[in-house]
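Per-entry structural report
So you can see what is in the structure, the chains are spelled out below.
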Amino acid sequence: MVRFPRSEGFTTADLGFAHEVEARSGEKVAACYQCAKCTAGCPLAPEMDIAPNQVMRCVQLGLRDAALGASSIWLCTTCTTCTTRCPRDIDLARVMDTLRAMALDSGAQPAEPQTPLFYRIFLGLVRRRGRQNELPLMAAYGIRTRNPFKDLLLGQKMFLKGKLSPIGPKVRDVEQVRRIFEHAEAHRRSRAKGEAKARE
Amino acid sequence: MRLGYYPGCSLHATAKEFDLSTRTVCDALGLELVEIEDWNCCGATAAHAISDELAVGLAGRNLALAAQQGLDSVLAPCAACFGRLKHAAKALGSGEADLPAGLDARAAAGVRVHNILDALLNLAGLERIREKSVTPIAGLHPAAYYGCLLVRPPEIAEFDDPENPTSMEQILGAAGAQPAEWYHKLECCGASLAVTNTPSAVRLVADILSHAKAAGADCVAVACPMCQTNLDTRQAAAAARLSEELDLPIVYITELLGLAFGIAPRKLGLGRHIVDATRLTQIAFTPAAEAAASGG
């Protein structure tokens, strides 16, 4: 059963949404014929509010809020089992990537806010230093989710095994890494402009 | 053979033993690893979940640097890094993405990317692994666990069978081990859900480990730091969920090869796991005949 977030009366379909997803992902979502092979093999399907094949259906039907508001897009681990098995050759994992990016661009609260928060902290560290370091990553995530003690015992064990280091490595040409971030942001801005124009 | 080396962030921290054992084993096999100078994080899952351009840019810079430094092939032992680097090479090659000024996208696209299984199987070869295995690990029954990104999606990984890979079993077999027959070698470990949705990841880890145990495995062999971390650090929670004792050391395939090559466990970082892996040395070197007789 697909549960739609907007339950009062009928949900309006946004047919431009399907085109937007197809253009951004480069995947032909319209080709999906609902065999649900993706869902059968999805390791996270039991925890998702709507199954992967239903996410594809929502895109086809232009149900923007249902697709972008689904917990499914944040529970997807990009294991790519669906992508490997789709008989219609749709790279579902890539479509999920696109839906995540669109959900964040929309500014609405995501269904699993801790996941994009983790990604943002992760990328913030990469932007500043060029490399990741698990200790500040976990510490920052723990503080931001107001649950710093969740994995403290585990962290201690890992620290004692020499698996965590407080001294972070740094890329020498961190300026070049910063330019990669700016390059991606410029892309995003020009795309947003184009999409706004298309909607007018 | 000279091979560019992209360790990735994990191999410098949580997966130090993967770095140590990869370097030692490759050296023994005659693969000369040259670390890419000034490499950066590949962006892992976080970048591609937010922006494809960022994902290609972060991974692509490493390939551009490799090309600049005269390295036309790169070994990326971390399965996630391997996937991201290969994705970037493809996207840059097809022209669907580019790199900021100062980085040569065309040169980056031309760099060949190998995962560790590919390097062991196709660059070193089973024959050389057999030759180097002076202390065969005949007493071990590892469950070969591939996880997702070593073979999937097939268009990116271009390695082994995406539904029933056997390269890891072949490599372990050449080192004398008797890999377990099991059916969870490709199931996802949960990746970063271990942090953001811990119960979901624990469910997946429990499923994988209980099947490894049921198949008679005495350890799980991996080739991905994310898989190793999840199966190792979430094992206690998985055991509690199953009300079952698991006690399965989660070791990198290179650590097991190192043991077979007669390298000291300390040099391989075998003592750095949460579930003790050093005790594997007590059963690893049982003569093959004896191991087979004991029901291997």
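About the cut-offs
Residues numbered from 1 in each chain as written. Chains lettered and ligands numbered in written order. Predicted model: local features only at pLDDT ≥ 70, side-chain atom pairs only at ≥ 80, totals over all residues. Helix = DSSP H or I, 4+ residues; strand = E, 2+ residues; numbered from the N terminus. Contact = placed C-beta atoms within 7 Å. Nonpolar A, V, L, I, M, F, W, Y, C, P; charged D, E, K, R; others polar. Buried ≥ 20, exposed ≤ 12 C-beta atoms within 10 Å, placed from the backbone. Pairing = 2+ DSSP bridges. Domains from an automatic or database assignment. Axes fitted to C-alpha atoms, helices over the stretch in contact; angles between N-to-C directions. Core = buried A, V, L, I, M, F, W, Y, C linked by C-beta atoms within 7 Å. Parallel < 35°, antiparallel > 145°, perpendicular 65-115°, else oblique. Left-handed = near helix turned anticlockwise from the far one by under 90°.

Moving on, we get to the overall build of chain A. The secondary structure content of chain A amounts to 11 helices and zero strands. Helices and strands in chain A line up, N terminus first, as α-α-α-α-α-α-α-α-α-α-α. Dimensions of chain A, computed from C-alpha atoms along their principal axes, come out at roughly 55 × 40 × 35 Å. Counting only contacts in chain A whose residues sit at least 6 apart along the sequence, the fraction spanning at least 24 positions is 64%.

This part takes up the interface of chain A and chain B. On the side of chain B, 43 residues touch chain A, which itself brings 50 residues to the contact. Of the residues forming the side of chain A that touches chain B, the biggest block, nine residues, is contributed by helix H11 (residues 174-199) of chain A. Tallied by class, the residues present in the side of chain A that touches chain B amount to 21 nonpolar, 16 polar and 13 charged.

All names here are of chain B. Because side chains alternate across strand S6 (residues 219-222), one face comprises the buried residues Cys 219 and Ala 221, and the other comprises Val 220 and Val 222, equally buried. In this sheet, S6 lies alongside strand S5 (residues 142-144) in parallel orientation, the contact comprising three bridges. Paired with Ala 143 across the two strands is Val 220, which belongs to S6. Bridge count for S6 against strand S7 (residues 250-252) is three bridges, and the pairing is parallel. Directly across from Val 220, in S7, lies its bridge partner Ile 250.

Glancing now at helix H13 (residues 225-233) of chain B. The periodicity of an α-helix, 3.6 residues per turn, causes residues three or four places apart in sequence to face the same way. Most of H13(B) sits out of view: nine of its nine residues are buried. Regarding H13(B), the residues found buried are B:Pro225, B:Met226, B:Cys227, B:Gln228, B:Thr229, B:Asn230, B:Leu231, B:Asp232 and B:Thr233.

Under the domain assignment, chain A is made up of domain 1 (15-106) and domain 2 (114-188). Distance between the C-alpha centres of domain 1 of chain A and domain 2 of chain A: 28 Å.

A few words on the sheet that holds strand S4 (residues 112-114) of chain B. Residue and element names in this part refer to chain B. One open sheet holds the four strands; their spatial order is S2-S1-S3-S4, and the pairing between them is parallel. A single partner strand is all that each edge strand has here, and the edge strands are strand S2 (32-35) and S4. Neighbour to neighbour, the strand axes of the sheet diverge by 40° on average, direction disregarded.

Let's shift gears to the domain arrangement of chain B. How big an interface is tends to be stated in terms of accessible area lost as the parts join. Residues and elements named next belong to chain B. Partitioning chain B into domains gives domain 1 (2-117) and domain 2 (134-293). Here the C-alpha centroids of domain 1 and domain 2 sit 24 Å apart. Taken residue by residue, the interface counts 25 residues in domain 1 and 30 residues in domain 2. Of all the secondary-structure elements, those providing two or more residues to the side of domain 1 that touches domain 2 are helix H1 (8-11), helix H2 (16-28), helix H5 (79-94) and helix H7 (116-124). The leading source of residues in the side of domain 1 that touches domain 2 is H2, at nine residues. Class assignment of the residues belonging to the side of domain 1 that touches domain 2 gives a composition of 12 nonpolar, nine polar and four charged.

Here the bond from B:Arg152 into B:Pro153 is cis, since omega is -15°, no more than 30 degrees from zero. Structurally, B:Pro153 can be placed in the loop between S5 and helix H9 (154-157). Located in the positive-phi region is A:Gln34, a residue other than glycine, with phi close to 60°. Residue placement: A:Gln34 occurs in the loop between helix H1 (15-25) and helix H2 (37-41). Residue A:Gln34 is classed as partly exposed on the basis of its C-beta count, with 13 C-beta atoms lying within 10 Å. A positive phi angle, near 45°, is found at B:Ala44, a position not held by glycine. Relative to the helices and strands, B:Ala44 is located in helix H3 (residues 44-50). Judged by C-beta crowding, with 28 C-beta atoms within 10 Å, B:Ala44 ranks as buried.

This part covers the nonpolar core. Counting 141 residues, the largest nonpolar core has B:Leu85, B:Ala108, B:Val220, B:Ala221, B:Val222, B:Ile253 and B:Leu256 as its most contacted members. Leaving out residues up to four positions away in the same chain, B:Val220 has contacts with B:Pro142, B:Ala143, B:Tyr145, B:Ala212, B:Leu231, B:Leu248 and B:Ile250. Within the second largest apolar cluster, 34 residues are counted, among which are A:Phe17, A:Cys38, A:Ala66 and A:Leu75.

Residues and elements named next belong to chain A. Take Glu 182: it is sitting in helix H11. Its 12 C-beta neighbours within 10 Å are what place Glu 182 among the exposed residues. Placed 96 residues apart in sequence, Glu 182 and Cys 86 show a C-alpha to C-alpha distance of 35 Å.

We now examine the packing of helix H12 (residues 198-214) of chain B against helix H14 (residues 235-242) of chain B. Residue and element names in this part refer to chain B. The N-to-C vectors of H12 and H14 enclose an angle of 80°; their axes lie 8 Å apart at closest approach. One element, H12, and the other, H14, form an angle in the roughly perpendicular class. The segment H12 lies against H14, with Val 202, Val 205, Ala 206, Leu 209 and Ser 210 engaging Gln 235, Ala 237, Ala 238, Arg 241 and Leu 242. Counted by class, the contact of H12 with H14 contains seven nonpolar, two polar and one charged residues.

So, about the packing of H7(B) against helix H10 (residues 167-174) of chain B. Residue and element names in this part refer to chain B. Running from amino to carboxyl end, H7 crosses H10 at an angle of 55°, the nearest separation of the two axes being 10 Å. Accordingly, the angle class assigned to the pair H7 and H10 is oblique. Viewed along their axes, H7 and H10 form a crossing whose handedness is left-handed. Taking contact as the criterion, the partners of Leu 117, Leu 120 and Leu 121 in H7 are, on H10, Ser 167, Met 168, Gln 170 and Ile 171. In terms of residue class, the contact of H7 with H10 is built from five nonpolar, two polar and no charged.

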